[in-house]
Amino acid sequence: MRGTVDRMRNLKKVRESVLVAFVVLPGVGFSQPASRSGQELFTQYCAVCHGSTGEGASGPDLTNPLWQSSISDQELGNTVRNGIRGTAMPAFGARLQAAEVQPLIEHLRTLAKDALQPANDLRAPRIAVSPARLLGAEADPDNWLMYGRDYGNQRFSPLTAIRRENLSNLVPVWSFQTGVADGLEATPLYVDGVIFLSTSWNHVFAIDARTGAELWHYRRHLPAKLTYCCGPVNRGPAISGGTLYLATLDAHLVAMDARTGRVLWDTEIGRAENNLSATSPPLIVADKVVVGMAGGDYESRGFIDAYQAETGKRVWRFYTVEGQRGGATWLNGSYDPQLRLIYWGTGNPNPDYDGAARPGDNLYTDCVVALDETGKLRWHYQFTPHDVWDFDGVNEMVLVDLHIDSQIVKGLVHADRNGHFYALDRTNGKFLYAKPFVRVTWAKGFDNGRPIVDSLAIPTVQGVTVCPGAAGGKEWNAMSYSPVTRMVYLPAIENCAVFSNYGIEAQRLGLPPGPSGFNYLPGQAYGKMMALRVDTGEVAWQVKTRTPMGGGTLVTAGGVVFTGDPEGSFVAYGAGDGKRLWSYQTGSGIRGAPIAYRLDGKEYIAVASGMAGAVGGFTGAGAPWMRDYRSGDTLYVFSLLETGGAAFRQRYQAGW
């Protein structure tokens, strides 16, 4: 009996201790301690949205020094307790003890200790690029609001202050070194006094356009395991509202505050383990961000995505291939607001050179696809059916109204890596013409818009010589169009190659393993800066260059074409006649494209210099002198020298 009484007394004590626990820790479960550290609280409540280190995920970046300095501890506490109405930020007041708010705030303050600190006390202005501004980008002479300046990707500036008559007065006014390795391929944006420049390894800089001073610097922390082709490059950001958008090497789409660089959201496009990456600018279409992916040189499936600009939620996806690999969409697209169609180029099928492994045309590889704003395919045209030369079809689509047979046709022109310059009706994809602009041996002509392939150009085990080589023709570097001259200005590559295929057929014959791919003919490469008449595709003029051309072009209403070459020269040509008018040695090869803008009534030209990417992909053995090229990472800005008199100009030109 006594033992039973003792057991009952012990049971009563257990009940009392449990009751005390509930009284002492109201609203907290058994597993929660009475007091938790700021790190524990952050991990439990914040990391799921803001990332484990606070650098942003579906929720904004909490490490950004500019944001951190703009908000007080009291404001942070109110946000934690009450949330932010109308956003995904919830109220934690009912889940946190009063004593836990301060440790959480203290932990939030520590998150910025490893972030990039401001280089000075300058602040970027408030920027707002409305949909109406983007729609009117073509008529805005002052700014450069998107990769190709306008939705038609024309890269034409209506500015006229810098012209062939005064190019001798064009001088550098400032330069900006990024300090990031592996060169530059980007076209910068210029918006309301600020230049936005992306670099290799997914850094982004906001730069004061008056002084060249850094306003903010974003650095993406990339995973150790990445799969990408042709260098860790990035070709530029996009902007809408007050938000800058960047596609990343680890296949994410990141939205950041254009004033501070603070990450607002971070959405996964794909996964590196699936051989996906992203290197080129998104395209803003109304309230959506449209983005392509890279990875076509590996076993991956291509697609084009659209995301809500405000939230990063995926709206639609268009797959470029069915039941096969390839079709990467690694450059950006164009958009016709009247037709409400998006035009995007697609890459090569996979495996690249073994056609026996993938019979048929391999749709929709090596195509331009026209999608409506819901992602539905409206039409397509295939530049290289059943591509076995890695020609891709991703080069930019330039939207131009063409004069064809005394009719005005809503056209699309495209200089393909396969060596042909194409014109299509952009309303329906109808083939208008195709003209070779470099030496072409893989095709013997066209039959109702379809190339007639020379069977002797199909890669074999022994190897066959084919022109052009895999890089083109023309690489991804952008051409430009002038409505004044009705010419397009494109950087060309003359570089034939020997293609070989050790695929299925070689295995059937029992041959030993060997390399599939291409090798350029030694020492025979060169480049051409070219002007083509847009209505016919005929060559208006061309200038031979020692090295295959690797930089994009800009044409202005001042009658000048600007471009850069792999040897570092930034060059101006006469738009009408191709006369070389001016040059400046930047110290490293140029792969990106220049821009023009006007600030405080003065015209400027900017270009990124820094050899980068798959240099051997377009030079290789054909241009062996490029093997030891100089790398670099500098943005140069030029304007007309305000001389103050002829004597000053003479002293300057004489080197003082």
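Refer to the preceding data block for the structure.
So, a few notes on the structure that sits alongside this text. Throughout this document, residue positions are counted from 1 along each chain, in the order its sequence is written. Given that this is a predicted model, residues contribute local features only at a pLDDT of at least 70 and side-chain atom pairs are listed and counted only at 80 or more, while totals for whole chains, interfaces and linings are drawn from all residues. Remark: hydrogens and water are excluded; side-chain values derive from all non-hydrogen atoms of the structure.

Considerations on the overall build of the protein chain
Inference 1: What counts as a helix is a DSSP run of H or I of at least four residues, what counts as a strand is a run of E of at least two, and both are numbered from the N terminus. The helix and strand inventory of the protein chain stands at 10 helices and 40 strands.
Inference 2: The C-alpha atoms of the protein chain give 29 Å as radius of gyration, which agrees with the globular expectation for 656 residues (26 Å, within 12%).
Inference 3: For the protein chain, the spread of C-alpha atoms along the principal axes amounts to about 110 × 75 × 50 Å.
Inference 4: The proportion of buried residues among the 656 residues of the protein chain is 58%.
Inference 5: Partitioning the intrachain contacts of the protein chain with sequence separation of at least 6 by distance along the chain shows that 60% fall at a separation of at least 24.
Inference 6: Surface exposure here means Shrake-Rupley accessible area, sampled with a 1.4 Å probe, where a residue is shielded only by the protein chains that are shown. Total accessible area on the protein chain is roughly 26,600 Å²; 52% of this is exposed by carbon and sulfur atoms.
Inference 7: In this tally, Lys and Arg are treated as positive and Asp and Glu as negative; His is ignored, and so are the chain termini. Where a charge lies is defined by one atom per residue type: Lys uses NZ, Arg uses CZ, Asp uses CG and Glu uses CD. Between the centroid of the 61 positive side chains of the protein chain and the centroid of its 62 negative side chains there is a distance of 4 Å. The atom set for the radius of gyration is the C-alpha atoms, and the globule formula is 2.2 Å times the number of residues raised to the power 0.38. Summary of the burial criterion: residues with accessible area below 20% of their type's maximum are buried, those above 50% are exposed, and those between are partly exposed, where the area comes from a 1.4 Å probe applied to protein chains only. The contact definition used throughout considers only heavy atoms, calling two residues in contact when any of these lie within 4.5 Å.

So, the environment of alanine 497
Inference 1: Relative to the helices and strands, alanine 497 resides in strand S30 (residues 497-500).
Inference 2: Given the relative accessible area of 0%, alanine 497 is considered buried.
Inference 3: Counting along the chain gives 60 residues from alanine 497 to phenylalanine 437, while the straight-line C-alpha distance between them is 17 Å.
Inference 4: Sequence-distant contacts of alanine 497, defined by excluding residues within four places in its chain, comprise Val464, Thr465, Val466, Gly469, Phe518, Asn519, Tyr520 and Leu521.

Describing helix H2 (residues 38-45)
Inference 1: Every buried residue of H2 is accounted for by Gly38, Leu41, Phe42 and Tyr45. Down the axis, H2 shows its buried residues gathered within 100 degrees of arc, on one side only.
Inference 2: Turning to H2, the residues buried within the fold contact helix H3 (47-50) and helix H6 (98-110). Of all possible arcs, the one meant is that of the directions from the helix axis to the C-beta atoms.

Concerning the packing of aromatic side chains
Any two aromatic rings considered together are summarised by their centre-to-centre distance and by the angle between their planes.
Inference 1: Any pair of Phe, Tyr and Trp rings, taking the six-membered ring for Trp, is counted once the centres come within 6.5 Å. Such a pair is stacked with planes under 30 degrees apart, edge-to-face with planes over 60 apart, and tilted for the rest. Scanning all chains against the criterion turns up 34 aromatic pairs.
Inference 2: Ring pairs connect the aromatic residues Phe562, Phe570, Trp582, Tyr584, Tyr636 and Phe638, which therefore count as one cluster.
Inference 3: The residue whose ring lies beneath arginine 262 is tryptophan 67, and the NZ or CZ to ring-centre distance is 4.0 Å.
Inference 4: Over a ring means this: the NZ of a Lys or the CZ of an Arg is within 6 Å of the ring centre and within 35 degrees of the ring normal. Geometry around tyrosine 433 places lysine 435 over its ring, the cationic atom sitting 5.4 Å from the centre.

Topic: the sheet that holds strand S4 (residues 194-198)
Consider a sheet: its strands pair through backbone hydrogen bonds, and that pairing is either parallel or antiparallel.
Inference 1: Should DSSP find at least two bridges between two strands, the strands are regarded as paired. Taking strand neighbours across the sheet as the criterion, the four strands line up as S3-S4-S5-S6 in an open arrangement whose pairing is antiparallel. Sheet topology places strand S3 (189-191) and strand S6 (214-219) at the edges, where each strand pairs with a single neighbour. Across the sheet, the mean angle from the axis of one strand to that of its neighbour is 15 degrees, orientation sign disregarded. With axes taken as lines fitted to C-alpha atoms, and helix axes fitted only over the stretch in contact, angles between N-to-C directions fall between 0 and 180 degrees.

Some points on the packing of helix H5 (residues 73-82) against H6
Inference 1: In contact at an axis separation of 10 Å, H5 and H6 are set at 115 degrees when each is read in the N-to-C sense. Judged by the twist between their axes, the crossing of H5 over H6 is right-handed. Mapping the contact onto sequence places Asp73, Leu76, Gly77, Val80 and Arg81 in H5 and Val101, Gln102, Leu104, Ile105, Leu108 and Arg109 in H6. Should the near helix be turned anticlockwise from the far one by less than a right angle, the crossing is left-handed, and should it be turned clockwise, the crossing is right-handed.

Examining the nonpolar core
Inference 1: What we call a nonpolar core is a set of buried Ala, Val, Leu, Ile, Met, Phe, Trp, Tyr and Cys residues that are connected through their side-chain atoms within 4.5 Å. Grouped together as the largest cluster of nonpolar side chains are 99 residues, with contacts concentrated most on Phe196, Trp216, Phe562 and Tyr597.
Inference 2: Aside from chain neighbours lying at most four places away, what touches tryptophan 216 is Leu66, Phe196, Val204, Phe205, Ala206, Leu244, Met256, Asp257, Ala258, Arg259, Thr260 and Gly261.

Looking at the packing of H2 against H6
Inference 1: For the pair H2 and H6, the least separation of the axes is 8 Å and the interaxial angle reads 85 degrees. Judged by the inter-axis angle, H2 sits roughly perpendicular to H6. Each of Gly38, Gln39, Leu41 and Phe42 in H2 lies in contact with H6, whose residues at this interface are Glu100, Pro103, Leu104, His107 and Leu108.
Inference 2: Its residues assigned to classes, the contact of H2 with H6 shows five nonpolar, three polar and one charged. Each angle is binned into one of four classes, with values under 35 degrees roughly parallel, values over 145 roughly antiparallel, values of 65 to 115 roughly perpendicular, and all other values oblique. Residue type decides the class: Asp, Glu, Lys and Arg count as charged, Ala, Val, Leu, Ile, Met, Phe, Trp, Tyr, Cys and Pro as nonpolar, and the leftover types, Gly among them, as polar.

In short, geometric facts, not functional conclusions.
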